[in-house]
Every structure is written in structure tokens, then in C-alpha cells.
Amino acid sequence: MVSKDMLNLGRVRSAIRELFEFGRKRAAIVGEANIYDFSIGNPSVPPPEKLTSEMVRLLNTSDPSALHGYTSAPGANETRDAIADNLNRRYGTNFSRRNLYITCGAAAALTSVLRALTVDRDTEFIAIAPYFPEYGCFAATAGGKLVVVEPDMEHFQIDFSALAATINTHTQGVIINSPNNPSGVIYSAETIRTLADLLRQKSAEVGHPIYLISDEPYRELNYTDSPVPFVTDAYDASIVSYSYSKSLSLPGDRIGYVLIGNDMPDFDDIYDAISGSARIQGYVCAPSLLQKAIARAAELDLMPDLSSYKKNRDALYEGLTAFGYRCMPPDGAFYLFLEAPGGDGDAFAEAAKDEDILIVSGRSFGCPSYLRVAYCVSYETIINALPGFGRLYQRFSK
Ligand code: PLP
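Here, residues in each chain are numbered from 1, in the same order as that chain's written sequence. Confidence filtering applies because this is a predicted model: local features only for residues at pLDDT of at least 70, side-chain atom pairs given and counted only at 80 or more, and all residues used for totals across whole chains, interfaces and linings. No hydrogens and no water enter the side-chain calculation; it runs on all heavy atoms of the structure.

Q: Whenever I open this one, the side chain of glutamine 291 confuses me. Can you help?
A: Strands here mean DSSP runs of E at least two residues long; helices mean DSSP runs of H or I at least four residues long; both are numbered from the N terminus. With respect to the helices, strands and loops of the structure, glutamine 291 is situated in helix α12 (residues 288-299). Of the residues examined, glutamine 291 reaches a relative accessible area of 0% and is grouped as buried. Not counting residues up to four positions away in its chain, the partners in contact with glutamine 291 are Thr71, Gly75, Ala76, Thr79, Ile102, Ile255, Cys285 and Ala286. Buried, partly exposed and exposed residues are distinguished by accessible area as a fraction of the type maximum, computed with a 1.4 Å probe on protein chains only: under 20%, between the cut-offs, and over 50%, respectively. Should any heavy atoms of two residues lie within 4.5 Å, those residues are considered in contact.

Q: How should the sheet that holds strand β9 (residues 335-339) be read in this particular structure?
A: Note: strands within a sheet are paired through backbone hydrogen bonds, in either parallel or antiparallel orientation. Taken together, the three strands give an open sheet; going across it, the order is β9-β12-β11, and neighbouring strands pair in antiparallel fashion. Among the strands making up the open sheet, the edge pair consists of β9 and β11 (360-361). The criterion for strand pairing is that DSSP finds at least two bridges linking the strands in question. Here β11 runs beside strand β12 (residues 370-374); their pairing, made up of two bridges, is antiparallel. Note that in β12 the partner of valine 360 across the bridge is arginine 372.

Q: Whenever I open this one, the site of the ligand confuses me. Can you help?
A: Working definition: residue near molecule or strand if any one of its non-hydrogen atoms lies within 4 Å of it. In the vicinity of the ligand, 14 residues are found, and the nearest of them are Ala106, Asp215, Tyr218, Ser243 and Arg254. The side chain of asparagine 181 places a nitrogen or oxygen atom 2.8 Å from an oxygen atom of the ligand. For this analysis, a polar contact is any N or O atom pair within 3.5 Å, provided that within protein one partner can donate a hydrogen and the other can accept it, and provided that sequence-adjacent residues contribute only side-chain to side-chain pairs. One of the side-chain N or O atoms of serine 243 is found 2.6 Å from an oxygen atom in the ligand. Calculation of accessible area relied on Shrake-Rupley with a 1.4 Å probe; when residues are assessed, cover is drawn exclusively from the protein chains displayed. Against a free-state accessible area of 400 Å², the protein chains account for coverage of 91% of the ligand. Sort the elements by how many residues they give to the shell around the ligand and helix α6 (residues 105-117) lands first, with three residues.

Q: What exactly am I supposed to notice about the domain arrangement of the protein here?
A: Many analyses report the size of an interface as the accessible area lost when the parts associate. For the protein, the assigned domains read domain 1 (4-48 + 305-396) and domain 2 (69-299). Taking the mean C-alpha position of each, domain 1 and domain 2 sit 26 Å from one another. Around 2400 Å² of area is buried between domain 1 and domain 2 when both sides are counted, 68% of it from carbon and sulfur atoms. For the domain 1 face of the interface with domain 2, the top three residues by lost area are Met328, Asp331 and Phe365, together amounting to 23%. Salt bridge, as used here: a side-chain nitrogen of Lys or Arg that lies within 4 Å of a carboxyl oxygen of Asp or Glu. Between domain 1 and domain 2 we count zero salt bridges in total. Put simply, domain 1 and domain 2 have ten residue pairs in polar contact (both at pLDDT 80 or more) between them. An automatic or database domain assignment provides the domain bounds reported here. When two parts are put together, the accessible area they lose, computed with a 1.4 Å probe and summed over both, is reported as buried area.

Q: How should unusual backbone geometry be read in this particular structure?
A: It is generally the case that most residues other than glycine have a negative phi and that most peptide bonds are trans. The omega torsion across serine 178 and proline 179 is -5°, close enough to zero to call that bond cis. Note on placement: proline 179 falls in the loop between β5 (171-176) and α9 (189-206). Omega for the bond connecting asparagine 181 with proline 182 falls within 30 degrees of zero, at 20°, which places this linkage in the cis form. Note on placement: proline 182 falls in the loop between β5 and α9. Unlike most non-glycine residues, arginine 254 shows phi in positive territory, near 55°. Mapped onto the fold, arginine 254 is located in the loop between β7 (238-243) and β8 (256-260).

Q: Hey, could you run me through the pairing of β8 in this one?
A: In regular strands, side chains alternate between the two faces of the sheet. Burial analysis of β8 places five of its five residues in the buried class, which makes it a mostly covered element. Because side chains alternate across β8, one face comprises the buried residues Gly256, Val258 and Ile260, and the other comprises Tyr257 and Leu259, equally buried. Of the strand pairs in this sheet, strand β2 (residues 100-103) and β8 are connected by four bridges, and their pairing is antiparallel. Counted as the bridge partner of leucine 100 is leucine 259 from β8. Across five bridges, β7 lies against β8 in antiparallel orientation. By the bridge assignment, valine 240 is partnered in β8 with leucine 259.

Q: Just to check I follow, could you spell out the packing of helix α3 (residues 49-61) against α12 for this structure?
A: Running from amino to carboxyl end, α3 crosses α12 at an angle of 130°, the nearest separation of the two axes being 10 Å. Our classification of the angle between α3 and α12 gives oblique. Here α3 and α12 pass one another in a crossing that is right-handed. Between α3 and α12, the residues in contact are Leu51, Glu54, Met55, Arg57, Leu58 and Leu59 and Leu289, Leu290, Lys292, Ala293, Arg296 and Ala297, respectively. Residue type decides the class: Asp, Glu, Lys and Arg count as charged, Ala, Val, Leu, Ile, Met, Phe, Trp, Tyr, Cys and Pro as nonpolar, and the leftover types, Gly among them, as polar. Looking at the contact of α3 with α12 residue by residue, the class counts come to eight nonpolar, no polar and four charged. What counts as an axis is a line fitted to C-alpha atoms, over the stretch in contact for a helix, and the angles between N-to-C directions run from 0 to 180 degrees. These descriptions rest on fixed angle ranges, namely under 35 degrees for roughly parallel, over 145 for roughly antiparallel, 65 to 115 for roughly perpendicular, and the rest for oblique. Definitions for this section: a left-handed crossing has its near helix turned counterclockwise from the far helix by less than a right angle. A right-handed crossing has that turn clockwise.

Q: Quick question: what am I supposed to make of the pattern of salt bridges here?
A: When charged atoms on two side chains of opposite charge get close, those side chains can pair. For the structure on display, the rule yields 19 salt bridges. Here glutamate 350 ties to lysine 353 by a salt bridge, and the two come within 3.3 Å at their closest N and O atoms. In this structure glutamate 350 comes out as partly exposed when scored by relative accessible area, which is 48%. In this structure, a network of salt bridges that share partners links the residues Lys50, Glu54, Arg57, Arg296 and Glu299.

Here it is in C-alpha cells:
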């Protein structure tokens, strides 16, 4: 006998993964260059050269037993010190190693946080659509529920009255993701301040803190001149989930962290519950070599090279809107969220396969009449896919 819930999770693969696998199979038939795979958020920009050379240096010069050995569960002290220093330099914060728990990417960070904050089966976490589909699995695995609030559909900003109406005594946290996958929206400092005010008011009403869980794998993928606001400045009960998957192009290496703000109520309980949660999920420690690598990246202030994402974004946005597609110009991350011509994201994404264009229906993100196009691909893929997008537009806008 096996767990029915786990069996379902294992068998019903995510729509994104399904499409990615379809693309692999088609590529074997028609050739890699003839598949326009916009399905998955795998960075197309390689990790910074300096990071690769630092990893080679570490491999060549370190004591292998120390390099590959277990670290302490929350992460090596040197790694957490280096990250805290880096954040303090960049944001004028006052963090130290005690604020950080190093994880195997944002997925592990989020599952650990949600598990730590789930008090019973009625526990609710609120996500604002469009949202990363795995939040549903993470909340369910934690033993609670994900509740989705519709955004203001015009600009994909937070609909504060809908959010206020959804918060209740079972609400433990609100998950935000800015820069957003899939809309590319970045919340302004004013939006974060308004959210913080609402959460303070609602925490007082329900009689317990409502945690703000800020999922930030795209923090550095910001094409605007305004910084992405740091949530711990605005709200005491803030927890950040961070990942190096996108910023340093290390998605397969599984490295990120949880950060807890200094003014968090019951700081020690929250930190220890996250440690316990990571422990029962089997995250013994994050990969040791990667911990050393990101410590060097933090010391060297390594940043992603945004030039090719920006070029892709502009070519795709201009090419698609010239055909008549409607979408907001994305400010961050590497996704474009299109209104599906004809209004049905599933039907459009299915038809796009006829053109060997792989895009994801917005249904998984809570917006079924939209489509997500991940533009972390080569520039040629975008240019070569545009005629197919043009034919699809003609087909669906009749
Ligand atoms: N959160 C968001 C919004 C994402 O887009 C992703 C990955 O695409 C994750 C979390 C998980 O990232 P990681 O690779 O660090 O687990």
C-alpha cells in the first residue's frame, strides 16, 4: 500500500513539467532548433564566469573531506555571515547569521516555512493570483490549505479589498512573489506599505500575527530603475524565501535560504520551528560545495547579466503586441503573461503545439484565460517562433 495523496502528486505531473517533457520528445523528432520551448523557467544565461572559476578553485584547493562534509543544519557559519553582510551592504539592514537558514532552493525554503507555520488542518495560506502553482502542493504537504485571491486583473497588483475579505482567524500567512512568476509585475514600496498596514490591522483583529511570506527567487531580475522593496523593513512578521536558481542560474544545484526579520515576534520559536520542519523533511543540510560557492558570490557581489533577458523581453513583447496580442510589459523575472486570444488559455496552449510552440496555460497560475511565455531562451528561438505566434493569433482571433 502507498499513500494515495503521494501517488496522486507523483502521477499528476505539473502542467509545466508535462509540456517540458513533450518538448523533449518532439525535439528528438524534429530537431532541437525547430522546437520553440517557452515552457520552463530554466535560465538561459549561464552562471557568472567568476562563480564557475570560484567553484573550480574550491574543488582544486580545499580539503575534500571538509568541502564535501556535512555542514550544520542551518548552513555553515561562513556562508550565513557572507550572505548577511551582503544584504546589509545592499539594503542597509542589520542581519547576522542568526537570521538565515540555508536551504535546497526556494521550494525547500517554502515547504519548511509553511510546515513550520501550519498549526492545524484548518490553517490557511493566501496566495495572490497569478501564483506559482507549487504553492498548492507546498501548503497541502504542510497539512494546511492554499486560498487564492484574485488580483486586480488589469495590472496584476494586489486587490486589497478582496485580500481583506479573505483573511480570517485560520489565516497564518500571505504569500507574495515579486518580481512575479508569471506576470513579471514588481510590487512598489507603496504597495508593500499598504499590505503591511492591512496585515497589522488584521493580525490585531484575529489575535495572532499573520506572517508575510515573500518568495523572492527573481529579486535581482529587475529591469526597472526602482529597487525591489525589502519586506522586513515594512513588516515585522516577515519571512523571505530566496533562491539562487534564477539570479545565479543554479536551478539544478538547489541552493537558497529562509530569512527571518529581526523584529519578528517570537523570533526563536519561528526559527526553531523552521529548523524542525526542515529536519523532518530530510534536508540534512544544503549542498556543502554550493554553500561555499554562494558565500564567495556574496563576498564578490555577483549579479546576473540581465542584458540578454532584456533583449528577449523587448523582442517578444514588441513582436507579439504587433500581431495584436495583449499583455503588460513585464518589469522583472523572465516571463510574459499574455491574454489568450479567444479567451481560453488551455485551448490556445494546446493549439500552439501544432506550431511546435510550447507555452503554459494560465490555468495553473489561477488565471485560465492567460498564457505564460518563459523568455529565458535564445534570441533566435524568439525570432524564429514569431511567425508561428502570428498564425496562431490569426486562427484564434477570428
Ligand atoms: N517560487 C517561484 C515563484 C518560482 O518561480 C520558483 C521556480 O521556478 C520557485 C519558487 C522554486 O525555486 P527553486 O528552484 O529555488 O526551488
